[in-house]
Amino acid sequence: MNTPYFPRAYPIHAMYSVIRDAILEVQHNLKAPDALIAGSFLTAMSIASQGDVDVELPTGQIRPVSLDVLIIADSGERKSATDSIVGAPIYEHDEKVARDHVQAVLAHKADRRLWDAKEASLQRKVAKALDNGTDDDIEQLREELIRHGAREPARPVLSRIVHQNITERPLMESMQGDGKSIAILSDEGEIVLKGGAMNKLGTLNKAWDGATTLTLDRADDSIVVTNPRLTISMMVQERVFREFMNKRGEMARGSGHLARYLVAWPASTQGFRFMSLEEPAWEQLPRFHQRVSELL
């Protein structure tokens with residue numbers, strides 16, 4: 001026989017008043033499960049603050065505040081609506097970054113053409129000096145070539161926060177540098193569970209830990225990541241999660257990856273929602289959004 005499952009209410013009351021009031025407002029307007037909404041808020045807080053805040057563990061170790069969040073909820077529980085409403089400042093941030101990146105690429109193309117023209121001019125001077133110049137002329141041009149090479153325009157990198165189906169190399173490239181902050185985030189967790197990142201649980205674990213250095217060696221150079229900041233958050237249907245556990249659950253448990261998640265499986269609200277013809281009032285959520293935007 002199946003044992004009835006009656007989860008407890010999510011401890012929303014334990015959160016700060018500004019966050020608690022915003023969660024209750026979203027719950028009133030969307031009628032979505034409490035843990036699903038709270039998980040979206042925890043995700044937004046983690047993404048917004050992980051680049052700026054560390055915590056000291058009882059062992060004395062310093063770690064980022066990054067969270068891994070897993071919410072089990074079937075279709076119809078308003079996962080997409082909750083994610084888009086609560087995480088709006090994060091998605092708006094990425095949209096702005098994408099627009100700015102277009103302009104940065106255009107500027108880079110112009111800078112590159114100027115740099116290439118200067119390169120061609122120097123090469124002509126070098127060829128002429130090799131034929132007719134003195135050793136001092138050649139040495140002077142050598143120094144000029146070094147200075148010119150140091151000014152080669154770097155290709156702009158699209159530094160968005162949110163990623164979904166990402167493999168190890170793009171994951172490492174997105175975290176390349178010092179203290180880079182990203183998130184693997186989806187309201188359709190199947191995209192994440194079946195994505196390439198889940199084939200490298202060790203890399204995800206080290207990123208969650210804020211490892212001092214992560215490296216990925218390539219043929220021509222290496223990707224070096226220091227002090228990464230990674231939030232993972234997904235909402236996934238029970239069937240999809242059980243399929244993942246049947247295939248890869250032993251590895252996910254054995255590697256310690258599952259132990260890093262805040263997991264919730266709230267009771268369904270389907271069949272218990274009362275319709276209202278009134279426009280939803282948003283008074284508390286904008287205050288939360290404003291703070292997230294400030295931190296981003």
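Note: the structure precedes this text.
Predicted model, so just to flag it, every value in this text is computed and none were measured. (Residues numbered from 1 in each chain as written. Predicted model: local features only at pLDDT ≥ 70, side-chain atom pairs only at ≥ 80, totals over all residues. Heavy atoms only, no water.)

For the rest of this paragraph, the subject is the overall build of the protein. Each helix and strand in the protein was counted, giving 10 helices and 10 strands. Along the first, second and third principal axes, the C-alpha set of the protein runs to 95 × 45 × 35 Å. Counting the 296 residues in the protein, one finds 40% classified as buried. A total of about 17300 Å² of accessible surface is found on the protein, and carbon and sulfur atoms cover 53% of it. With 36 positive and 42 negative side-chain charges, the protein shows a separation of 2 Å between the mean positions of the two kinds. (Helix = DSSP H or I, 4+ residues; strand = E, 2+ residues; numbered from the N terminus. Buried < 20%, exposed > 50% of the residue type's maximum accessible area, 1.4 Å probe, protein only. Areas by Shrake-Rupley, 256 points an atom, 1.4 Å probe, with all protein chains shown as cover. Lys, Arg positive; Asp, Glu negative; His and termini not counted. Charge placed at Lys NZ, Arg CZ, Asp CG, Glu CD.)

So, on to the packing of helix α4 (residues 88–132) against helix α5 (residues 135–150). It is the contact of α4 with α5, at a shortest axis distance of 10 Å, that shows an interaxial angle of 165 degrees. Taken together, the axes of α4 and α5 lie roughly antiparallel to each other. Judged by the sense of rotation from one axis to the other, the crossing of α4 with α5 is left-handed. Across the interface between the two elements, Trp115, Lys118, Glu119, Leu122, Gln123, Lys125, Val126, Ala129 and Leu130 from α4 touch Ile138, Leu141, Glu144, Leu145, His148 and Gly149 from α5. Grouping the amino acids of the contact of α4 with α5 by side-chain chemistry returns eight nonpolar, three polar and four charged. (Axes fitted to C-alpha atoms, helices over the stretch in contact; angles between N-to-C directions. Parallel < 35°, antiparallel > 145°, perpendicular 65-115°, else oblique. Left-handed = near helix turned anticlockwise from the far one by under 90°. Contact = heavy atoms within 4.5 Å. Nonpolar A, V, L, I, M, F, W, Y, C, P; charged D, E, K, R; others polar.)

Okay, the sheet that holds strand β8 (residues 222–226) next. Spatially, three strands are ordered β5-β8-β7 in an open sheet, and the strand pairing comes out mixed. Looking at which strands have only one partner, the edges of the open sheet turn out to be β5 (177–178) and β7 (213–217). In this sheet, β8 lies alongside β7 in antiparallel orientation, the contact comprising five bridges. When the sheet's bridge partners are listed, Asp217 is paired in β8 with Ser222. (Pairing = 2+ DSSP bridges.)

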